[in-house]
Amino acid sequence: MQKDKEELSIGRFQRLIANAYVTRDKERGIERTFLWFVEEVGELARAIKRGGQSELEEEFSDVLAWLVSLATLLNVDMEKAARRYLNGCPKCKSSPCTCPMQR
Ligand SMILES: [Zn+2]
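Now for a look at the structure at hand. Fair warning: this is a prediction, and the values are worked out from it, not measured in the lab.

Cut-off values and rules
- Residues numbered from 1 in each chain as written.
- Predicted model: local features only at pLDDT ≥ 70, side-chain atom pairs only at ≥ 80, totals over all residues.
- Heavy atoms only, no water.
- Donors = N, O, S within 2.8 Å, 3.2 Å for Na, K, Ca; no water.
- Tetrahedral: all angles 85-135°; square planar, octahedral: opposite > 155°, others 65-115°.
- Buried < 20%, exposed > 50% of the residue type's maximum accessible area, 1.4 Å probe, protein only.
- Salt bridge = Lys/Arg side-chain N within 4 Å of Asp/Glu carboxyl O.
- Axes fitted to C-alpha atoms, helices over the stretch in contact; angles between N-to-C directions.
- Helix = DSSP H or I, 4+ residues; strand = E, 2+ residues; numbered from the N terminus.
- Parallel < 35°, antiparallel > 145°, perpendicular 65-115°, else oblique.
- Left-handed = near helix turned anticlockwise from the far one by under 90°.
- Contact = heavy atoms within 4.5 Å.
- Nonpolar A, V, L, I, M, F, W, Y, C, P; charged D, E, K, R; others polar.
- 1 Å grid on protein atoms, 1.4 Å probe; cavity = no way out; pocket = protein on both sides within 12 Å on 5 of 7 lines; lining within 4 Å.
- Points joined across faces, edges and corners; volume = space filled by probe spheres on them.

## Examining the coordination of the zinc ion
Within the protein, the atoms that donate to the zinc ion are Cys89 (SG), Cys92 (SG), Cys97 (SG) and Cys99 (SG), at distances of 2.2 to 2.5 Å. Around the zinc ion, the four donor atoms are arranged such that angles at the metal cover 103 to 114°; this shape is classified as tetrahedral. Every donor residue of the zinc ion comes from the same chain, spaced as C-x2-C-x4-C-x1-C. By relative accessible area, which is 26% here, Cys99 ends up partly exposed.

## Concerning the pattern of salt bridges
Tallied over the full model, the rule gives four salt bridges. As a salt-bridge pair, Glu55 and Arg50 come within 2.7 Å of each other at their nearest N and O atoms. In this structure, Glu79 engages Arg83 in a salt bridge whose closest nitrogen and oxygen atoms are separated by 3.3 Å. A residue is classified by how much of its surface remains accessible, and Glu79, at 23% relative accessible area, is partly exposed. Residue class for Arg83 comes out partly exposed when judged on its relative accessible area of 47%.

## With respect to the packing of helix 1 (residues 10-28) against helix 3 (residues 53-73)
The geometry of helix 1 relative to helix 3 is characterised by a closest axis approach of 9 Å and an angle of 70° between their N-to-C directions. Taken together, the axis directions place helix 1 and helix 3 in an arrangement best described as roughly perpendicular. At the point where helix 1 passes helix 3, the crossing takes the right-handed sense. Where helix 1 abuts helix 3, its residues Phe13, Gln14, Ile17, Ala18, Tyr21, Val22, Asp25, Lys26 and Arg28 lie against Leu64, Ala65, Trp66, Val68, Ser69, Ala71, Thr72 and Leu73. Counted by class, the contact of helix 1 with helix 3 contains 11 nonpolar, three polar and three charged residues.

## Things to note about the layout of surface pockets
Put simply, the largest pocket is a space of about 190 Å³. Every residue along the wall of the largest pocket is listed here: Lys3, Asp4, Glu6, Glu7, Leu8, Arg12, Phe13 and Leu16. In the lining of the largest pocket, the residues fall into three nonpolar, no polar and five charged. Together, Ile17, Tyr21, Arg24, Asp25, Arg28, Asp62, Ala65, Trp66 and Ser69 line the second largest pocket. Looking at the lining of the second largest pocket, the elements that each hand over two or more residues are helix 1 and helix 3. Counting residues per element, the lining of the second largest pocket draws most heavily on helix 1, at five residues. A class-by-class count of the residues in the lining of the second largest pocket yields four nonpolar, one polar and four charged.

Below you can see the structure in the form of structure tokens.
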């Protein structure tokens, strides 16, 4: 199977990112890694304003990579965390969510 067509779970993505970056991330530490994550969120905001599809995809992947890096540093298993949503909204247990709309 072509590598770009493979199914990629969140857990496997977290392991891939950890293999690539965990040593550097540990050296940088949680606070500075969090700042990088926030900076990437800012870049995503700019990409949303400008709206180029390939730029959006790139910024979403960067935000996700920094998010799972942070989770690894804080010993959070993102596969397990994502499973909170497996049966729909964790609050009302429905899908679609039936909670009062928040704006
Ligand atoms: Zn809900």
